Amino acid sequence: MTVQPGLHRQYCSVAAPTQLWLDPDGRLAGEIKPPGAGGSADPAGFTGLLHGDTRMLCRALVRVNGLEPEPAAVEAEPGGVLRVRGLVRGIPGLTEDPAVELLQTWTVTPGVVRHTLQLRTSLDSLDVELGIELAADFTDMAQIRLSRFRDPSGPISADQSALRWKEGGKALTVAAAGAVTPDGHLTWHGTLGRGRPFEAEWQAVLTDDDDAVVAARPPAARRPRTGPAGALGLLLDNSLDEVAGLRLATRQLPDAPFIAAGAPWYFTLFGRDSLWAARLLLPLDNGLDTGLAAGTLRALAAFQGTRTDAAAAEEPGKILHELRSKELVLESQGLRLPPVYFGAVDSTPLWLCLLGELWRTGRDDDAVRSLLPNAARAAEWLLAAGATGPDGATANDEAGNAAAGNAGFLSYRDASGHGLSNQGWKDSRDAMQFRDGRQAEGPIALSEVQGYAYQAAMETAELFDAYGEPGGQALRDFAAALRLRFRERFWVEDDGGPFPAMALDGHGVPLDIPGSNMGHLLGTGILDAAEARIVADRLVSPELFSGYGVHTISRRAAGFWPFSYHCGSVWSHDTGIAIRGLLAEGFIAEARILADGLLAAAASFGHRLPEVFAGVRAEDSGVAVPYPASCHPQAWSSASAVVVAQAMGVGL
């Protein structure tokens, strides 16, 4: 099994579709390849300047008089800025103190990255040669994810002011007037002294080919920094800055902004992720990014399913899972996903939920009205998917009424053999387990998806009624029957009392161990008041709450492991959704407990929320422990700062 590159110690700046990744010392130095490793890199991490799905520049190594600066500090600032402070200790000074400091500032904007360098010294005068060793490799993102890197290639052209690389329709231009050397690097010569710094600057311009499906979206007005003080204010400011850097649009609808799922692997439109980000950010939709909810809905509606295609998991009316410019192949995971892939059972109900929530705000009647035809098709998919299982059994036939079967619930099974085996947000292969560690066999019906479906049906019924559209009663009937079946089939009991199972397996057997999925049920309406109380109590119990967030699965499960992606870790958005649901149900104290946990965790990550962190308990570690391959920033994680603030009583 290939180990993904570590990301938790890297520094990242994003301005979609452009990303800059520096190593823990603030260097863009490329990978360290072990002897005999060929094209494979050390899984400790990677660096690079990426655009779209390609790493273009893989090295920009700085030297002063032939010496690499020793790292002192790396700071992230708003607007895609990273500042790297280092000391050139090999240049002797008047005392034993370091005599030369180098301050590097990286500024990332969509398609353009500027790198400025400033040398300072305590000496009266110092002649310097400032050099940058450059390399480009045009490695595809899918290969980087498997720790496979191409060998660097030289520029195709060079003159005194610029170096140029090109591969297919992708191009990289490094501009530095008068600094380009014959060997394809950058070199400046000069003199500095006490109070007289020496400065240099270059910039990289990155362009994608015409096949790219997403493009930069002009930045929205940034939220004024007038929010809460202290750790909460830092988290909120940092998170909203991260969200701004993930803002994209499709080439098909450039005026429909959405938030890309996350960096570095998911820098594109994802149904589930982009929808949840928009839902969590909805309180700020008029301030942070006017039209984000409507833009996300419109962008996804443009690719709504029109046919039945097992390879793409496409069905009429279904909302996509992810959009890419080409097929995504991850051999180690047995995945081969087409460019427009629909393998998510939850994207469609989540799309309907967001549409209903946007309608209730009253902010964009024109957008809501224009999306009613798409809502009708999505509602038809919802009714059909909820009436039959993936194998065609209905809730009323022999297979559906038997103890074995989950017909009558939204469920999934990968029919292609090379798609996602799990098609909810916990999509790794081992995500669905029983208490004894056995893997659940499909088709699988996830508990949270039934909650989404219930809310989607009820919201859409009211929406249709309000606009004089037919179909409201059918959706209400569906929701009522689903709520009853859910209560009959999903609730199980252990020595801690009753709880809703994470899922039913393909035989209709509920998974007999608590998981974080239950937190997503809160606020959907599928639970009554007593059931919601039970879920609230479980979420804050030591079995599920680590002190920093909600474990994905109970600590009592045989398969629990703090460093498992979906079986013991803590996901920021997962806990954020639980907080949102607790607030909706009126459990303010419980919401505050979870919010305090996330706020404490964020302090361990520079007052930011990563995609996922290890499920190590607060009582066992004074800091939240990183999950090494965790992406950051991640759309729904950053957006979760909004509900943390709401739980703390901050009006947004």
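Residues numbered from 1 in each chain as written. Predicted model: local features only at pLDDT ≥ 70, side-chain atom pairs only at ≥ 80, totals over all residues. Heavy atoms only, no water.

1. Re empty space enclosed by the protein
Moving on, step 1. Per the stated rule, a full pass over the model turns up 2 cavities of 30 Å³ or more.
Moving on, step 2. Each pocket or cavity is described by its volume, and for the largest cavity that value is around 140 Å³.
Moving on, step 3. If you list the elements that add at least two residues to the lining of the largest cavity, you get β4 (54-64), β5 (70-77), β6 (81-87) and β7 (100-109).
Moving on, step 4. Class assignment for the residues of the lining of the largest cavity results in 9 nonpolar, 3 polar and 5 charged. (1 Å grid on protein atoms, 1.4 Å probe; cavity = no way out; pocket = protein on both sides within 12 Å on 5 of 7 lines; lining within 4 Å. Points joined across faces, edges and corners; volume = space filled by probe spheres on them. Helix = DSSP H or I, 4+ residues; strand = E, 2+ residues; numbered from the N terminus. Nonpolar A, V, L, I, M, F, W, Y, C, P; charged D, E, K, R; others polar.)

2. Observations regarding the side chain of Ser-274
Moving on, step 1. Looking at where Ser-274 falls in the secondary structure, it is placed in helix α3 (residues 271-280).
Moving on, step 2. Looking at Ser-274, the relative accessible area reads 1%, which means it is buried.
Moving on, step 3. Other than its neighbours up to four places away in sequence, Ser-274 contacts Phe-258, Ile-259, Thr-268, Leu-269 and Thr-296. (Buried < 20%, exposed > 50% of the residue type's maximum accessible area, 1.4 Å probe, protein only. Contact = heavy atoms within 4.5 Å.)

3. A word on the packing of aromatic side chains
To describe a pair of aromatic rings, you give the distance between the ring centres and the angle between the ring planes.
Moving on, step 1. Scanning all chains against the criterion turns up 13 aromatic pairs.
Moving on, step 2. With a centroid separation of 6.4 Å and an interplanar angle of 85 degrees, the aromatic rings of Trp-425 and Trp-636 are classed as edge-to-face. Note that Trp-425 is positioned in the loop between α8 (398-401) and β22 (445-446) and Trp-636 in helix α14 (residues 635-647), a separation of 211 residues in sequence.
Moving on, step 3. Judged by centre distance (5.6 Å) and plane angle (35 degrees), the rings of Tyr-565 and Tyr-627 are tilted. On the criterion of sequence distance, the pair formed by Tyr-565 in the loop between α11 (529-539) and β26 (570-571) and Tyr-627 in the loop between β27 (612-613) and α14 is long-range, its members being 62 residues apart.
Moving on, step 4. By relative accessible area, Tyr-565 is classed as partly exposed at 22%.
Moving on, step 5. Tyr-627 gets classed as buried once you look at its relative accessible area, which sits at 13%.
Moving on, step 6. A network of ring pairs unites the aromatic residues Trp-425, Tyr-565, Trp-571, Tyr-627 and Trp-636 as a single cluster.
Moving on, step 7. When the ring centre of Trp-276 is taken as reference, the NZ or CZ atom of Arg-279 above it lies at 4.3 Å. (Phe/Tyr/Trp six-rings, centres within 6.5 Å; stacked < 30°, edge-to-face > 60°. Lys NZ or Arg CZ within 6 Å of the ring centre and 35° of its normal.)

4. A few points about the sheet that holds strand β11 (residues 162-167)
Moving on, step 1. As summarised here, the arrangement of the 8 strands in space is β5-β6-β7-β8-β14-β12-β11-β10, forming an open sheet in which the pairing is antiparallel. Only two strands of the sheet have a single partner each, and these edge strands are β5 and β10 (157-158).
Moving on, step 2. Inspection of the sheet shows β7 paired to strand β8 (residues 112-121) by 10 bridges, in the antiparallel sense. In the sheet register, Val-108 faces β8, and the bridge partner there is Val-113. (Pairing = 2+ DSSP bridges.)

5. Concerning the nonpolar core
Moving on, step 1. By size, the foremost hydrophobic cluster in this structure holds 160 residues, and its most contacted members are Trp-351, Leu-382, Leu-410, Met-432 and Ile-579.
Moving on, step 2. By size, the runner-up hydrophobic cluster in this structure holds 46 residues, among which are Val-74, Leu-130, Val-174 and Ala-179. (Core = buried A, V, L, I, M, F, W, Y, C linked by side-chain atoms within 4.5 Å.)

6. A look at the sheet that holds strand β1 (residues 11-15)
Moving on, step 1. The antiparallel open sheet is built from 6 strands, whose spatial order is β1-β2-β3-β4-β9-β13. Since the sheet does not close on itself, it has two edges, and those belong to β1 and β13 (186-192), each with one partner. On average, adjacent strands in this sheet sit at an angle of 20 degrees to one another, irrespective of strand direction.
Moving on, step 2. As judged from the 5 bridges shared by β1 and strand β2 (residues 18-22), these two strands associate in the antiparallel manner. Considered in β2, the bridge of Ser-13 is made with Leu-20. (Axes fitted to C-alpha atoms, helices over the stretch in contact; angles between N-to-C directions.)

7. As for the layout of surface pockets
Moving on, step 1. Its boundaries defined by the atoms lining it, the largest pocket holds a volume of some 1100 Å³.
Moving on, step 2. Gln-4, Arg-145, Gln-333, Ser-428 and Tyr-565 are the residues nearest the centre of the largest pocket, which is lined by 47 residues in total.
Moving on, step 3. Among the secondary structure elements, those contributing two or more residues to the lining of the largest pocket are α3, β19 (328-330) and β20 (335-337).
Moving on, step 4. By residue class, the composition of the lining of the largest pocket is 23 nonpolar, 14 polar and 10 charged.

8. Focus: the packing of α3 against α14
Moving on, step 1. Packing of α3 against α14 brings their axes to within 8 Å, and their N-to-C directions diverge by 15 degrees. Judged on the interaxial angle alone, α14 and α3 are roughly parallel. The way α3 lies across α14 gives a crossing that is left-handed. Listed contacts from α14 to Arg-272, Asp-273, Trp-276, Ala-277 and Leu-280 of α3 are Ala-635, Trp-636, Ala-639, Ser-640, Val-642 and Val-643.
Moving on, step 2. Each residue belonging to the contact of α3 with α14 can be placed in one class, and the counts come to 8 nonpolar, 1 polar and 2 charged. (Parallel < 35°, antiparallel > 145°, perpendicular 65-115°, else oblique. Left-handed = near helix turned anticlockwise from the far one by under 90°.)

9. A word on the environment of Ala-158
Moving on, step 1. Structurally, Ala-158 is set in strand β10.
Moving on, step 2. Along the backbone, Ala-158 and Thr-181 are 23 residues apart, and their C-alpha atoms lie at a distance of 8.7 Å.
Moving on, step 3. Here Ala-158 is in contact with Leu-163 and Val-180, once residues within four sequence places are set aside.

10. Thoughts on the pattern of salt bridges
Moving on, step 1. Enumeration according to the criterion identifies 42 salt bridges in this entry.
Moving on, step 2. Across the pair Glu-77 and Arg-83 runs a salt bridge, and its minimum N-O distance is 2.7 Å.
Moving on, step 3. According to the relative accessible area criterion, Arg-83 is partly exposed, its value standing at 27%.
Moving on, step 4. For the salt bridge of Arg-617 with Asp-620, the shortest nitrogen-to-oxygen distance reads 2.9 Å. (Salt bridge = Lys/Arg side-chain N within 4 Å of Asp/Glu carboxyl O.)

So far we have only geometry, and geometry alone does not tell us how the molecule works.
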